[in-house]
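Inside the fold
Each chain, letter by letter, is given below.
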Protein chains: 10
Amino acid sequence: MALFHVRMDVDIPRDLDEQVRTDTVAREKAYSQQLQREGTWVHIWRIVGQYSNISVFDVESADELHKILTALPLFPYMDIEVMPLTRHPSAL
Amino acid sequence: MALFHVRMDVDIPRDLDEQVRTDTVAREKAYSQQLQREGTWVHIWRIVGQYSNISVFDVESADELHKILTALPLFPYMDIEVMPLTRHPSAL
Amino acid sequence: MALFHVRMDVDIPRDLDEQVRTDTVAREKAYSQQLQREGTWVHIWRIVGQYSNISVFDVESADELHKILTALPLFPYMDIEVMPLTRHPSAL
Amino acid sequence: MALFHVRMDVDIPRDLDEQVRTDTVAREKAYSQQLQREGTWVHIWRIVGQYSNISVFDVESADELHKILTALPLFPYMDIEVMPLTRHPSAL
Amino acid sequence: MALFHVRMDVDIPRDLDEQVRTDTVAREKAYSQQLQREGTWVHIWRIVGQYSNISVFDVESADELHKILTALPLFPYMDIEVMPLTRHPSAL
Amino acid sequence: MALFHVRMDVDIPRDLDEQVRTDTVAREKAYSQQLQREGTWVHIWRIVGQYSNISVFDVESADELHKILTALPLFPYMDIEVMPLTRHPSAL
Amino acid sequence: MALFHVRMDVDIPRDLDEQVRTDTVAREKAYSQQLQREGTWVHIWRIVGQYSNISVFDVESADELHKILTALPLFPYMDIEVMPLTRHPSAL
Amino acid sequence: MALFHVRMDVDIPRDLDEQVRTDTVAREKAYSQQLQREGTWVHIWRIVGQYSNISVFDVESADELHKILTALPLFPYMDIEVMPLTRHPSAL
Amino acid sequence: MALFHVRMDVDIPRDLDEQVRTDTVAREKAYSQQLQREGTWVHIWRIVGQYSNISVFDVESADELHKILTALPLFPYMDIEVMPLTRHPSAL
Amino acid sequence: MALFHVRMDVDIPRDLDEQVRTDTVAREKAYSQQLQREGTWVHIWRIVGQYSNISVFDVESADELHKILTALPLFPYMDIEVMPLTRHPSAL
């Protein structure tokens, strides 16, 4: 499997239709929780004070990660940084 | 409890005595594994291609985190970035 | 308790309705002063020449800080940087 | 009076004589505590995970602040950023 | 007295009403010249090739400087950097 | 398989023993060419004017890539940036 | 021939007419595939998590590359970085 | 005479009236060519892949350069960096 | 004449011979004061908290400025930024 | 032919043997002037206040440029940025 550290900074335009915003955020939550249940989205934390998150994904490949990220409902309003992780020699 | 995302970039000077280097790295590993066993150092991953790690700490307070980080045997050779985390609304 | 250093840079869009702007700024002031009275928002200074402030918060946890910051009426128009603080060995 | 926000990042060279290091750090502490007692150095916090501090000075003038900072025993080993502060309109 | 180095980068939105622009720029000039006559705004130079200036202010305090800067008619369209200055040991 | 874009900036210390330098560079070349023959190191180009290269690796996983990179003879003298790649929708 | 490493970051404005967007993206794909068939656009990879690509062009000259890039249908919505490459001494 | 290295990055807003755009670009070309004929604008090159140029101006003074640059028809849509040059000791 | 804004950040190596340091700093002061008397070095201020200065030079040309700056006794230990200035339209 | 804009920032280590420094700088000058005579090194200017130059090279290819730059006697002490240029549509 492949482990990736992903930072997502969300910036939803102010003039986005209110209903579209609400639906998109709801779809984002459902989408994320589905992937969490599947064990793909293994960690998701909110960065204090920011509309941003740090996530860790456990996926088959970078290809799969790309599909997951670009299918995020909020993808069009995100800056995304991806960093591949590997096992640390001190990890238990 | 308090959750912190910590990035550590290690740059051990080339002219550090070889035995000191080996001992320090060994003490670092033991120190880290002890904290992992205690549930304080909850995640540690190596960033691919770098002598760096991403860690997540679950501590009583920022004060405790500071004590832990500054007591790292490799602390003098590290650049450290600390980011407080909180629960994400989508987290299961 | 947990101490956090927070920098807030405010950038209210020019085309925001004037009344909304005035109300929001007023609500921000009331909200801030309430938290100051409660001893949570312990310091707030204006950075000279900028629509920005440096604040120090004394909170139960980072979780509480996140709730406070994201509930700021001006939050949607802010860039926020959060840095955890701890007691300095020289502090009296 | 004049209020200044000062960030100090300390980087003491590894090859500094051990005794010189210990004396300098001790003199730095005494110097800081003297200024704290005089009400000049009003706040000093350690940034978690860093050999750095955030301080706030209440001085007669920027000239006085410069004398204070350049007289810091650790000054030769510091990166210093100074930001003038002023009263925030929301401050109680 | 207190001496401050201030860089102002001006970026007036293209869609600002032409008459508002002209009046604002005129008020800015009058305001600046008034402060120059009073000896507060001691230097103002244009940075070649930029809609920016380098200024030096001689004021009672940072508080006064903040009032002056935030009262600039063009303030809403400016990025401002403030640096406190002090007497140089080589200055005649 | 997993595709990674890797930039390597090499900065060999001037005071490295000349023979060590020559051997290390030779071992680096042999190591690289072996991986190229195996089809792992699929591309390596020199960036004009720099002691740097852009490489593309086709590996089993990020774990494997990390092993490869940290085993580079010149690794101690390198700044390395790793970016996961995936198939472009326009690629033939 | 001349080899160039090109990074393209695409940011299509939200308010671009949907049909224009679709046509432009289609023309971009056709244009790219034509150049790939001609052997000019030798590599194109998607950067994981980003609407960006890393490409390598093999062209007669920088002049030709400029014509190719500025004729990209998506050129108006791109940030482009160009780096000349040359043969690496370790390349097989 | 005074020699200046100037980088100009052009970013014409998408919603600029098409005729205004065409006229402005035409006036820019005529203006530039006139200054080239006068020997003031001594070099102008396009940066490959960018709507940017590197220019070298040979002018009486920085004052003259400022007048020239701020009179550029495209000036409102430009980021400009100016660097003073002088004769290189190796120049023939 | 030509007006230039120059920022000088001084970083004298710790291991510079003490006598050389003292002589160099003294020569720097004498050199600067001579140019101040000649009206070339029109302003020199210390940046609070830094071993840096902001200076303004009034010289015949950039060529002359280059000779002046590179002849500074502390030049080898300086980072220097030069910005050409011109008369501001609001300047009295 | 291919035109390249090259910025070279020189930082010769203080502890380089004086004679080596003098010879290297002399060889650099001779090398540069030879290439200028051949019409390859078409422009070289000193950036005011810096031990840096802006150069323009007219070469067969980027490969040739790389050979030229890496053969510079001062190459080991340089930071080099290379930018491909092409003909500007306004150029006479």
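Here the residue numbers are simple positions, counted from 1 along each chain's written sequence. Here chains are named by letter from A upward and ligands by number from 1 upward, in the order in which they appear as written. Restriction of local features to residues with pLDDT of at least 70 applies here, the model being predicted, together with a cutoff of 80 or more for giving and counting side-chain atom pairs; totals for whole chains, interfaces and linings are based on all residues. The side-chain figures draw on all heavy atoms in the structure; neither hydrogens nor water molecules are used.

Quick note on the threshold: UniProt positions are given in the numbering used here, feature names are shortened, and annotations may be inferred rather than shown by experiment.
If you look chain A up in an unreviewed UniProt entry, it shows as Muconolactone Delta-isomerase from Nocardiopsis coralli. In its Sequence similarities (unreviewed entry) section, UniProt records this for chain A: "Belongs to the muconolactone Delta-isomerase family." The Pathway (unreviewed entry) field of the UniProt record for chain A holds the comment "Aromatic compound metabolism; beta-ketoadipate pathway; 5-oxo-4,5-dihydro-2-furylacetate from catechol: step 3/3."

Some remarks on the relation of the copies chain H and chain E
Which entries qualify depends on this criterion: Residues reaching a pLDDT of at least 70 in both copies supply the C-alpha atoms on which the copies are superposed by least squares.
Of the transformation placing chain H onto chain E, the axial shift is 0.0 Å and the rotation is 72 degrees, giving an RMSD of 0.0 Å. Both chain copies can therefore be described as sitting about a five-fold axis. For chain H, the residue whose C-alpha comes nearest the rotation axis is H:D15, separated from it by 9.3 Å.

Some details on the interface of chain B and chain A
Many descriptions give the size of an interface as the accessible area lost when the pieces come together. Using the following cut-off: The criterion used for residue contact is that any of the two residues' heavy atoms lie within 4.5 Å. Two parts placed together each lose some accessible area under a 1.4 Å probe, and the buried area is that loss summed for both. Criterion for a salt bridge: a side-chain nitrogen of Lys or Arg within 4 Å of a carboxyl oxygen of Asp or Glu. What qualifies as a polar contact is a pair of N or O atoms within 3.5 Å, subject to a donor-acceptor requirement within protein and to the restriction that residues adjacent in sequence count only when both atoms come from side chains. By definition, any uninterrupted DSSP run of H or I lasting at least four residues is a helix, any uninterrupted run of E lasting at least two residues is a strand, and each is numbered from the N terminus. When residues are grouped by polarity, Ala, Val, Leu, Ile, Met, Phe, Trp, Tyr, Cys and Pro land in nonpolar, Asp, Glu, Lys and Arg in charged, and all others, Gly among them, in polar. Note on pairing: two strands pair once DSSP finds at least 2 bridges between them.
Counting residues at the interface gives 27 residues for chain B, matched by 27 residues for chain A. In terms of surface lost to chain A, no three residues of chain B exceed B:W45, B:R46 and B:L92, which account for 25% of the buried area on that side. For the interface between chain B and chain A, the tally reads zero salt bridges. At the surface where chain B touches chain A, the tally comes to 16 residue pairs in polar contact (both at pLDDT 80 or more). If you list the elements that add at least two residues to the side of chain B that touches chain A, you get strand 1 (2-10), helix 1 (18-37), strand 2 (41-47), strand 3 (52-59) and strand 4 (78-87) of chain B. Grouping the constituent residues of the side of chain B that touches chain A by class yields 13 nonpolar, nine polar and five charged. Summarising the sheet, strand 2 (residues 41-47) of chain A and strand 4 of chain B pair through three bridges and their orientation is antiparallel. Each residue of the ladder has a partner; that of A:W45, found in strand 4 of chain B, is B:R87.

As for the arrangement of the chains
Kept free of each other, chain A and chain H leave a smallest C-alpha distance of 18 Å between them. For chain A and chain I, which are not in contact, the least C-alpha distance works out to 30 Å.

So, the interface of chain H and chain E
Counting from both sides, the interface comprises 12 residues of chain H and, opposite them, seven residues of chain E. Carbon and sulfur atoms supply 60% of the area that chain H and chain E bury against each other, a total of about 680 Å² over both sides. For chain H, the biggest contributors to the area lost against chain E are H:H66, H:F75 and H:I80; these three give 52% of the whole. Between chain H and chain E we count one salt bridge in total. With its nearest N and O atoms 2.5 Å apart, the salt bridge here joins E:R14 to H:D15. Linking chain H to chain E there are three residue pairs in polar contact (both at pLDDT 80 or more). Counting residues per element, the ones that place at least two in the side of chain H that touches chain E are helix 2 (62-70) and strand 4 (78-87) of chain H. The biggest single contributor to the side of chain H that touches chain E is helix 2 of chain H, with four residues. Here the side of chain H that touches chain E is built from residues that sort into nine nonpolar, one polar and two charged.

A few points about helix 1 (residues 18-37) of chain D
All names here are of chain D. Threshold: Multiplying 1.5 Å by the helix residue count minus one yields the expected span of that helix. Residue exposure (1.4 Å probe, protein chains only): buried if accessible area is under 20% of the type maximum, exposed if over 50%, otherwise partly exposed. Each direction from the helix axis to a C-beta atom contributes to the arc, which is the arc of those directions.
Helix length check: helix 1 (20 residues) gives 29 Å between terminal C-alpha atoms against 28 Å at 1.5 Å per residue, within 8%. Along helix 1, the positions that sit buried rather than exposed are T24, E28, S32, Q33, L35 and Q36. For helix 1, the angular spread of buried residues about the axis comes to 165 degrees, placing them on one side. Where helix 1 is buried, its residues meet strand 2 (41-47), helix 2 (62-70) and strand 4 (78-87).

Here's the deal with the pattern of salt bridges
All names here are of chain F. What the rule picks out here adds up to 30 salt bridges over all chains. Residue E18 is joined to R21 by a salt bridge in which the shortest nitrogen-to-oxygen separation is 3.9 Å. Of the two residues, E18 and R21 are both situated in helix 1 (residues 18-37); the distance of three residues between them amounts to about one turn of the helix.

So, the packing of aromatic side chains
All names here are of chain G. Condition: Between 30 and 60 degrees the pair is tilted, below 30 it is stacked and above 60 it is edge-to-face, where a pair is any two Phe, Tyr or Trp rings, Trp via its six-membered ring, whose centres lie within 6.5 Å.
For the structure on display, the rule yields 10 aromatic pairs over all chains. For the pair W41 and F57, a centre-to-centre distance of 4.6 Å together with 40 degrees between the ring planes defines the contact as tilted. In this pair, W41 is assigned in strand 2 (residues 41-47) and F57 in strand 3 (residues 52-59), connecting sequence segments 16 residues apart. The burial state of W41 is the same as that of F57; both residues are buried.

Here we look at helix 2 (residues 62-70) of chain A
Of the residues making up helix 2 of chain A, those classed as buried are A:A62, A:L65, A:H66, A:I68 and A:L69. All buried residues of helix 2 of chain A lie within an arc of 165 degrees about the axis, which places them on one face of the element. Here the buried face of helix 2 of chain A lies against strand 1 (2-10), helix 1 (18-37), strand 3 (52-59) and strand 4 (78-87) of chain A, strand 4 (78-87) of chain F together with strand 2 of chain G. For helix 2 of chain A, the side-chain oxygen to backbone nitrogen distance between the N-cap and A:D63 is 3.3 Å, and the N-cap itself is A:S61.

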